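Notes for the structure review
These are the residues of each chain, in order.
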Amino acid sequence: MIRAFAAGVASLLATLLVASVVIFAAMQVLPGDPAQVMLGVNARPDTLAALREQLGLDQPLAVRYWTWVSGLLTGNPGVSHTYAVPVSDLIAARLGVSLPLAALALALAVAIGLPLGMWAAARRGRAVDRGVLIVAQLGIAVPNFWLAMLLVLLFAVTLRWLPPGGFPGWDAGAGPALLALVLPAVALALPQSAILAQVMRQSLVDVLAQDFVRTARAKGLTRGQALRRHALRNAFIPILSVLGLQFPFLLAGTIIIENVFFLPGIGRLVFQAVNQRDLIVVQSVVMLLVAIVAVVNLLVGLAYAAVDPRVRRAA
Amino acid sequence: MTVWRMTRRCAALILGVALLCGGPAFAQRTDLAIGVRLEPPHLDPTAAAAAVIGEITYANLFEGLTRIDREGRVIPGLAESWEVSDDGKVYTFRLRQGVFFHDGSTFDARDAVFTLERAIAPDSINPQKALLEPIEAVEAVDAHTLSVRLKRPTAQLPFILGLPALVIVGHETAETNRAMPNGTGPFRFSRWHMGDRVDLVRNDRYWGEKPALSRVTFRVIGDPSAAYAALMAGNIDAYTNFPAPEHLPQFEADPRFKVVVGRTEGKTVLAQNNARKPLDDIRVRRAIAHAIDRKLLIDGALYGYGDPIGSHFAPQNAGYVDLTGRYPYDPEAARALLREAGAEGLRLKLALPPPSYARRSGEIIAERLRDVGIQVDIVPMEWAQWLTDVFRDKNYDLSIVSHVEPNDLDIYARDDYYFNYDSPEYKALYAELAAEQDEEKRLVLLKSLQQKLTDDAVNGFLFLLPKLGVWDARLQGFWENAPIPANDLTGVRWER
């Protein structure tokens, strides 16, 4: 277990190092000049040069890479070109919206998807099962931004129960802030919960067909008891891998959803930073996302070991 | 349920409804939430070109020596009056007294000198620095008199000084304006929730007439569908430059909203690289001009909102001459001109920046050009790439973009501008205009300049970008047109 953990951390660090080089290099080949974007079409060459110097863009590549990476390690990757405030402050403020949003969406997806999947598996072949499968298929097919627009039209424009977007800030109280996240979280969660329901159902169906479940039934357990006591734990293994894959997907989804709901989150920050060529912000946010995904993968790997004794022993 | 309880419930319900309906009649609303499309990078209009900074701060937080009003006229701002010397080379501004910055400090000639010197300094990053090139020296004659000495007569100076990038900043607070703007305007900065909104409150020490609004929120909503929903749900009260013409009919049909279609200064052109073959041949450029169907463009790209233009000049400005008839849509004439130029079987690249007017117009123009025998490859690009590839490096054949700066005929007289138009006659005419003080003669010159651009078919002149305003029908006082990117809220109020 400890060896598995150490190996995981080592590969995590290697991933991050490679990612930092790739991301930094990608920013350099991105067409566009940050100074020109900021100063627009009437700027003269000497004005642009003055700004480039202020931004430190006239320094050699290696120096800029080293300044950035060493800054990352100390939690201070640099100062945003456009906002002129530390990137870490910007990111911290935006994470205050995106993390609760992603967490809420994940919780909702699990709370909706897993029970539906179990219900369908327990009633395999019956109307409930077929109903769940059809709804899940629809849920996967519907793009989340379109769902988001429908939700806004119904709950914000027509019924006026929830705000159509925007974020009042946590200092306005947890109530209004959470209320602002409800529709975005639902829009993000529904397609994910459809995937979870399908995987859960299939996984349970497979497990229920295995010998040890038949043995349990033969000992006199009801179908439900056998499912709860013996099948569920085994069926969770594929669910874990799906959840691990879904988390990065949720983070990517926030970029679109935050634009539809005009939320000041990390996704909208990176979207705007790309357009404004605020390279230091883009590369820092992308690096953060890579780090989050890598850490989640590591955790999922460790969770496998906890759920599956074979993995534990092999390690 | 007893009768008594039912009566009580009904009474409560009626009271509630009455309060809901009658409430606004008693309390006059003085707050306003207004939508803008882009997130401001910061709030200092003297340090970045982003139009949204002006849309939030101009005339609200910051004021210039002169001021540009809703019709694009120059009126007094922090300068009460000004006069120009007979040779046109010295401007003397008399500054308003009793004006305070929001931090309590007094405005005087030192601030004006500081602002202008900062803008023309070698390390200046003012986006309009190029327009200040004629300035030789700025000095404070006394605490309330400013003198600006020029290298050559520049009749545009009062207008230039009214632009958002040249608002007056306090000499002690200039460097902190990005996050804590400190101006002299009728509103004070309150708070910036980055990525979401900017809050302003009324400035009770304002030197002029106090605005009717006490609180203003600028909310950043970029997505057109989100902007539509935010207005419909009452989340914002106004969107003065609505991004999606396709939604306007829905607002027009709804009595809660007022839709006002005005004009911007956005001269939308099919930019042509005049130095590159075959576009260096005037016959080819004229052929392209004949292949442009403005009616179709305005209907297809702008859903019918917008005015056709025939030169690089907005119809609402003095001196305008209608040249839209110079090259009527005529595919046969276009084909003939191309044959004459020996330019058949052409293949051109059309670079399109992100705005929907450009992308939609691009599709239509490409189709029409194909019709006369010019193959067009559309290359969509982001602004950042457009700025370097097309604007800076001039590596393009055709592009579509709206030039939103007012009075910008000078761009055709510049060396090295991205159109690569190089005409000694035009430059001579423009130099004459820049030095001319007499209004009648200026108008004649303006007409000749427009005429020259159209004769040379420098660019394809398409349409003037409309300003699509949508706001709560009970609101009054917004600018109908957008002579500069601004939301002057001084005169905005809720109807009683």
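Quantities reported herein were computed from a predicted structural model and do not represent experimental measurements.

1. Some thoughts on the pattern of salt bridges
Residue and element names in this part refer to chain B. In the structure shown here, the tally under the stated rule is 46 salt bridges over all chains. For Asp408, the salt bridge identified is with Lys267, shortest N-O distance 3.2 Å. Linking Asp408 in the loop between β16 (398-403) and α12 (424-435) with Lys267 in strand β12 (residues 257-272), this pair joins segments that are 141 residues apart in sequence. A residue is classified by how much of its surface remains accessible, and Asp408, at 5% relative accessible area, is buried. Residue Lys267 is classed as buried on the basis of its relative accessible area, which comes to 2%.

2. Considering the UniProt feature "transmembrane region" (unreviewed entry) in chain A
All names here are of chain A. This chain's UniProt record puts "transmembrane region" (unreviewed entry) on residues 97-120, 132-157, 177-197, 235-261 and 281-307. In the segment residues 132-157, helix accounts for 92% and strand for 0%; the C-alpha atoms at its two ends are 29 Å apart. Secondary structure over residues 281-307 splits into 100% helix and 0% strand, and the C-alpha atoms at its two ends are 39 Å apart.

3. What about the packing of aromatic side chains?
Two aromatic rings, taken as a pair, are described by how far apart their centres are and by the angle between their planes. Residues and elements named next belong to chain B. Going through the model one piece at a time under the given rule, you end up with 28 aromatic pairs over all chains. Note on Phe101 and Phe107: the rings are 6.5 Å apart at their centroids and 70° apart in plane angle, and the pair reads as edge-to-face. Exposure remark for Phe101: the relative accessible area of 3% places this residue in the buried category. Members of the aromatic cluster, each reached through a chain of ring pairs, are Trp383, Trp386, Phe391, Tyr396, Tyr412, Tyr417, Tyr418, Phe419, Tyr421 and Tyr426.

4. Topic: the pairing of strand β15 (residues 374-380) of chain B
Residues and elements named next belong to chain B. Summarising the sheet, strand β14 (residues 346-352) and β15 pair through seven bridges and their orientation is parallel. Bridging across to β15, Leu350 finds its partner in Ile378. Handedness of the crossover is the feature at issue here: the chain leaves β14, passes through helix α10 (residues 356-371), returns alongside β15, and the resulting connection is right-handed.

5. A look at the side chain of Gln276 of chain A
Note that Gln276 of chain A resides in helix α11 (residues 266-276). Under the relative-accessibility criterion, Gln276 of chain A is labelled buried at 17%. Excluding residues that lie within four positions of it along the chain, Gln276 of chain A makes contacts with Val37 and Thr82 of chain A together with Glu39 and Pro41 of chain B.

6. What to know about the UniProt feature "domain: ABC transmembrane type-1" (unreviewed entry) in chain A
Annotation from UniProt places "domain: ABC transmembrane type-1" (unreviewed entry) at residues 95-300 of chain A. Within the segment residues 95-300 of chain A, helix and strand shares are 83% and 0% respectively, and the terminal C-alpha atoms sit 22 Å apart.

7. Section: the layout of surface pockets
Residues and elements named next belong to chain A. Here the second largest pocket defines a volume of roughly 450 Å³. For the second largest pocket, the lining is made up of 23 residues, of which Leu55, Gly56, Val79, His81 and Ile280 are closest to its centre. Going through the elements one at a time, α1 (2-29), α3 (45-55), α4 (61-73) and α12 (279-307) are the ones with two or more residues in the lining of the second largest pocket.

8. Examining the interface of chain A and chain B
Across the boundary between the two partners, chain A contributes 46 residues, which contact 50 residues of chain B. Carbon and sulfur atoms make up 55% of the surface buried where chain A meets chain B, a total of about 3700 Å² over both sides. With a closest N to O distance of 2.8 Å, Asp171 of chain A and Arg191 of chain B form a salt bridge. Listed by contribution, the elements that provide at least two residues to the side of chain A that touches chain B are α2 (34-39), α3, α5 (87-122), α7 (144-158), α10 (223-260) and α11 of chain A. Broken down by class, the residue content of the side of chain A that touches chain B amounts to 24 nonpolar, 13 polar and nine charged.

9. Comments concerning the packing of helix α6 (residues 127-141) of chain A against helix α8 (residues 174-208) of chain A
Residue and element names in this part refer to chain A. In contact at an axis separation of 8 Å, α6 and α8 are set at 140° when each is read in the N-to-C sense. When the interaxial angle is binned, α6 and α8 end up oblique. In this structure, α6 meets α8 at a crossing whose hand is left-handed. Residue-level contacts link Asp129, Leu133, Ala136, Gln137, Gly139 and Ile140 of α6 to Pro191, Ala194, Ile195, Gln198 and Arg201 of α8. Across the contact of α6 with α8, the residue classes break down as six nonpolar, three polar and two charged.

10. A look at the pairing of strand β7 (residues 145-150) of chain B
All names here are of chain B. Burial of β7 is extensive: five of the six residues sit out of reach of the surface. Relative to β7, strand β5 (residues 90-95) runs antiparallel, the two sharing five bridges. The residue of β7 that forms the bridge with Thr92 is Ser147. Taken together, the six bridges between strand β6 (residues 135-142) and β7 define a ladder with antiparallel strand orientation. By the bridge assignment for β7, Ala140 is matched with Leu146. Hairpin connection, β6 to β7: the antiparallel pair is bridged by two residues.

11. Regarding empty space enclosed by the protein
Residues and elements named next belong to chain B. For the structure on display, the rule yields five cavities of 30 Å³ or more. Within this model, the largest cavity holds a volume of roughly 50 Å³. In this structure, the largest cavity is lined by Ala289, Ile292, Arg294, Gly310, Tyr327, Thr454, Ala457, Asn459, Gly460 and Phe461. Along the lines of polarity and charge, the residues of the lining of the largest cavity split into five nonpolar, four polar and one charged.

12. Considering the sheet that holds β6 of chain B
Residue and element names in this part refer to chain B. Spatially, four strands are ordered β4-β5-β7-β6 in an open sheet, and the strand pairing comes out antiparallel. Since the sheet does not close on itself, it has two edges, and those belong to β4 (79-84) and β6, each with one partner. On average, adjacent strands in this sheet sit at an angle of 20° to one another, irrespective of strand direction. Running over the sheet, helix α3 (residues 109-120) touches β5, β6 and β7 and is turned about 170° from β6.

13. A look at the environment of Asp108 of chain B
Residue and element names in this part refer to chain B. Following the sequence through the fold, Asp108 ends up in the loop between β5 and α3. When its relative accessible area of 12% is taken as the criterion, Asp108 is described as buried. When the C-alpha positions of Asp108 and Lys441 are compared, they lie 36 Å apart, and in sequence the two are 333 residues distant. If sequence neighbours within four positions are ignored, Asp108 has contacts with Leu95 and Ala143. Of the polar contacts made by the side chain of Asp108, one reaches the backbone nitrogen of Arg110; its length is 2.9 Å.

14. Here we look at the domain arrangement of chain B
The parts lose accessible area when they come together, and the size of an interface is often stated as this lost area. Residue and element names in this part refer to chain B. Split by domain assignment, chain B resolves into domain 1 (63-176), domain 2 (181-262 + 467-494) and domain 3 (266-465). Look at where the C-alpha atoms of domain 1 and domain 2 centre, and you get two points 27 Å apart. Each side of the interface is counted separately: domain 1 has 23 residues, and domain 2 has 22 residues. For the domain 1 face of the interface with domain 2, the top three residues by lost area are Glu63, Arg70 and His102, together amounting to 41%. The tally of links between domain 1 and domain 2 comes to one salt bridge. Between Asp488 and Arg67 there is a salt bridge whose closest N-O contact spans 3.1 Å. Its residues placed into classes, the side of domain 1 that touches domain 2 shows eight nonpolar, eight polar and seven charged.

Calculation notes
- Residues numbered from 1 in each chain as written.
- Chains lettered and ligands numbered in written order.
- Predicted model: local features only at pLDDT ≥ 70, side-chain atom pairs only at ≥ 80, totals over all residues.
- Heavy atoms only, no water.
- Salt bridge = Lys/Arg side-chain N within 4 Å of Asp/Glu carboxyl O.
- Helix = DSSP H or I, 4+ residues; strand = E, 2+ residues; numbered from the N terminus.
- Buried < 20%, exposed > 50% of the residue type's maximum accessible area, 1.4 Å probe, protein only.
- UniProt positions renumbered as here; feature names shortened; annotations may be inferred.
- Phe/Tyr/Trp six-rings, centres within 6.5 Å; stacked < 30°, edge-to-face > 60°.
- Pairing = 2+ DSSP bridges.
- Right-handed = clockwise from strand over helix to strand, strands pointing away.
- Contact = heavy atoms within 4.5 Å.
- 1 Å grid on protein atoms, 1.4 Å probe; cavity = no way out; pocket = protein on both sides within 12 Å on 5 of 7 lines; lining within 4 Å.
- Points joined across faces, edges and corners; volume = space filled by probe spheres on them.
- Buried area = accessible area lost by both parts, 1.4 Å probe.
- Nonpolar A, V, L, I, M, F, W, Y, C, P; charged D, E, K, R; others polar.
- Axes fitted to C-alpha atoms, helices over the stretch in contact; angles between N-to-C directions.
- Parallel < 35°, antiparallel > 145°, perpendicular 65-115°, else oblique.
- Left-handed = near helix turned anticlockwise from the far one by under 90°.
- Polar contact = N/O pair within 3.5 Å; in protein donor to acceptor, adjacent residues only side chain to side chain.
- Domains from an automatic or database assignment.

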